[in-house]
Amino acid sequence: MKASVLFKSSLLTSLFVISSCATTKYTEDISKNDYSNLEAGKMYVVTLKDGSKKQTMLFRNVDGDNIIGTAGKKDSTVVIIPKSNVSAVKDRSKARVTAGAVVIGAAGVAALVLSSSRADK
């Protein structure tokens, strides 16, 4: 009985985590990326190909071969990132939601496993 409940709860959690992963990613092939689903006024985390620190930016627009934004909502420093140096772009707000969903899902599975182990005694 314990193994089946543990298996079911693990399967349920993995399905929940997979379905809640909602980040915007782009491939390294620049010709396939049009960046049309980036929304002006939203915060994004840009991972760069050269291995430097990830850049958090408030997206403004795309101008030719560059992604333009500001360093933050309160910091008006202009950030210009060449598309050729971008390996991934992730929506920061969706990443927070995903992290919260993982924590809630893990707590639910732990409660399920704990209650099933007490019921077997």
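Our structure's up above, just so we're on the same page.
Computed from a prediction, not measured in an experiment: that's the story for all the values here. (Residues numbered from 1 in each chain as written. Predicted model: local features only at pLDDT ≥ 70, side-chain atom pairs only at ≥ 80, totals over all residues. Heavy atoms only, no water.)

> So what's going on with the packing of aromatic side chains? Which residues, and what values?
This structure, assessed with the given rule, holds one aromatic pair. Ring plane angle 90 degrees and centroid distance 6.2 Å describe the contact between Y44 and F59, whose orientation is recorded as edge-to-face. Of the two residues, Y44 is situated in strand β1 (residues 43–48) and F59 in strand β2 (residues 55–63); the sequence distance between them amounts to 15 residues. The burial state of Y44 is the same as that of F59; both residues are buried. (Phe/Tyr/Trp six-rings, centres within 6.5 Å; stacked < 30°, edge-to-face > 60°. Helix = DSSP H or I, 4+ residues; strand = E, 2+ residues; numbered from the N terminus. Buried < 20%, exposed > 50% of the residue type's maximum accessible area, 1.4 Å probe, protein only.)

> A description of the pairing of β2 should follow, citing residues and the corresponding values.
The sheet contact formed by β1 and β2 spans four bridges and is antiparallel. For Y44, the partnering residue across the bridge sits in β2 and is M57. Counting the residues that bridge the hairpin from β1 to β2 gives six residues, and of these G51 lies at a positive phi of roughly 85 degrees. In terms of strand pairing, β2 meets strand β3 (residues 66–70) through five bridges, oriented antiparallel. Each residue of the ladder has a partner; that of N61, found in β3, is I68. Between β2 and β3, which follow one another and run antiparallel, lie two residues, and G64 among them has a positive phi close to 65 degrees. (Pairing = 2+ DSSP bridges.)

> Which residues make up the environment of T70, and what values do they have?
Tracing the backbone shows T70 in strand β3. For T70, a relative accessible area of 9% translates into the label buried. Along the sequence, T70 and G41 sit 29 residues apart, while their C-alpha atoms lie 9.6 Å from each other. Those residues within four positions of T70 in sequence are excluded, and the remaining contacts are T56, M57, L58, R60, D75, S76, T77 and V79. (Contact = heavy atoms within 4.5 Å.)

> If you had to explain the nonpolar core to someone new, which residues and values would you point to?
Listed in full, the 12 residues of the largest apolar core are Y35, L38, Y44, V46, L48, M57, F59, I67, V79, I81, V86 and V89. Going through the elements one at a time, β1, β2, β4 (78–82) and β5 (86–91) are the ones with two or more residues in this core. If you tally residues by element for this core, the top one is β1, at three residues. Not counting residues up to four positions away in its chain, the partners in contact with I81 are V46, L48, Q55, M57, D65, N66, I67 and V86. (Core = buried A, V, L, I, M, F, W, Y, C linked by side-chain atoms within 4.5 Å.)

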